[in-house]
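Structure assessment
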Amino acid sequence: MHRIRLIRQANERLAVQDFDFETSLGYWLTVSTQEIHRALNVELAPTGITYRQSQVIGWLKLEGKLTVGELAGRMTIEPPTLVGILDRMERMGWIVRDECADDRRRKRIRLTAAADPVWEQIIECCLKVRRNATAGLSPEQCEQLLALLRQVHRNLLASEAVSTPAPKLAEV
């Protein structure tokens, strides 16, 4: 029994070792995303804005009011982690939490006017990171890259819709 387990473990290690990371879309998307986050953190540091705060402001600018659960899902963090970030942002006057009309237990987060100059700083930092990330690419290559990434995103959304049921309202 022990020998079979050792053989299985050796085979599993070989399968991982044989994986070609150089041709892996997931690998390149992941490491590129990590580098963009790192570069954005570096650019944001002198402003006193954190990467997570920039995400909160960005999602709220894009989508308007969101609940903690909705926002945490978009940021791929757990709601309790987000609450601490929101508490600091609320103390800074950047956000407020409004009661939901249909469920007073839930709060919708929205930006205040005090977040507008912060958003301007975030945009400046993002544009600098974008310029660095796309250095050496022609405008046509940048457009093609965006088109390809949008198609990958659509493909994944379509396959996810087929394989997983939509979340129930209580889960959001």
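Small disclaimer: the values here were computed from a predicted structure and weren't measured.

We now examine the overall build of the chain. In terms of regular secondary structure, the chain is built from seven helices and three strands. The order of helices and strands in the chain, counted from the N terminus, is α-α-α-β-α-α-β-β-α-α. Counting the 172 residues in the chain, one finds 21% classified as buried. Sequence separation of 24 or more characterises 49% of the internal contacts of the chain that already satisfy a separation of 6 or more. On the chain, roughly 12500 Å² of surface is accessible, and the fraction owed to carbon and sulfur atoms is 58%.

Before going further, it helps to examine the pattern of salt bridges. In this structure the tally under the stated criterion is 10 salt bridges. Between Asp 116 and Lys 61 there is a salt bridge whose closest N-O contact spans 3.1 Å. Of the two residues, Asp 116 sits in helix H6 (residues 116–133) while Lys 61 sits in helix H3 (residues 51–63), which places them 55 residues apart along the sequence. What makes Asp 116 partly exposed here is its relative accessible area of 35%. Overall, Lys 61 belongs to the partly exposed group, its relative accessible area being 36%. Residue Glu 99 is joined to Lys 107 by a salt bridge in which the shortest nitrogen-to-oxygen separation is 3.8 Å. Overall, the relative accessible area of 48% leaves Glu 99 in the partly exposed class.

Right, let's talk about the packing of aromatic side chains for a bit. Within this structure, the stated rule accounts for two aromatic pairs. Pairing Tyr 27 with Trp 28 gives two aromatic rings, centres 5.0 Å apart and planes at 75°, and the pair type is edge-to-face.

Within the largest apolar cluster, 26 residues are counted, with the highest numbers of intra-cluster contacts made by Val 56, Leu 71, Leu 82, Leu 86, Trp 94 and Ile 95. Looking at this core, the elements that each hand over two or more residues are helix H2 (25–44), H3, helix H4 (68–75), helix H5 (79–91), strand S3 (107–111) and H6. Those residues in contact with Ile 95, other than ones at most four positions away along the chain, are Leu 60, Leu 86, Met 89, Glu 90, Ile 109, Arg 110, Leu 111 and Thr 112.

Position of Arg 52 relative to the elements: it lies in helix H3. With 34 residues separating them in the primary sequence, Arg 52 and Leu 86 have C-alpha atoms 9.8 Å apart.

To continue, consider the confidence of the model for the chain. Mean pLDDT over the chain works out to 88, with 83% of the residues at or above the 70 mark. Note on residues 168–172: pLDDT under 50 across the span, and four contacts to partners over four residues away in sequence or across chains.

Taken together, the three strands give an open sheet; going across it, the order is S1-S3-S2, and neighbouring strands pair in antiparallel fashion. Of all the strands in the sheet, the pair left with one neighbour each is strand S1 (66–67) and strand S2 (95–99). Sheet topology note: the S2/S3 ladder contains five bridges and is antiparallel. Across the sheet, residue Asp 98 finds its bridge partner in S3, namely Arg 108. Against the sheet, H3 makes contact with S1, S2 and S3, and its axis sits at roughly 95° relative to S3, the strand it touches most. In the packing of H5 onto the sheet, the strands contacted are S2 and S3, and the crossing angle to S2 comes to about 110°.

Quick notes on the rules
Residues numbered from 1 in each chain as written. Predicted model: local features only at pLDDT ≥ 70, side-chain atom pairs only at ≥ 80, totals over all residues. Heavy atoms only, no water. Helix = DSSP H or I, 4+ residues; strand = E, 2+ residues; numbered from the N terminus. Buried < 20%, exposed > 50% of the residue type's maximum accessible area, 1.4 Å probe, protein only. Contact = heavy atoms within 4.5 Å. Areas by Shrake-Rupley, 256 points an atom, 1.4 Å probe, with all protein chains shown as cover. Salt bridge = Lys/Arg side-chain N within 4 Å of Asp/Glu carboxyl O. Phe/Tyr/Trp six-rings, centres within 6.5 Å; stacked < 30°, edge-to-face > 60°. Core = buried A, V, L, I, M, F, W, Y, C linked by side-chain atoms within 4.5 Å. pLDDT = per-residue confidence, 0-100. Pairing = 2+ DSSP bridges. Axes fitted to C-alpha atoms, helices over the stretch in contact; angles between N-to-C directions.

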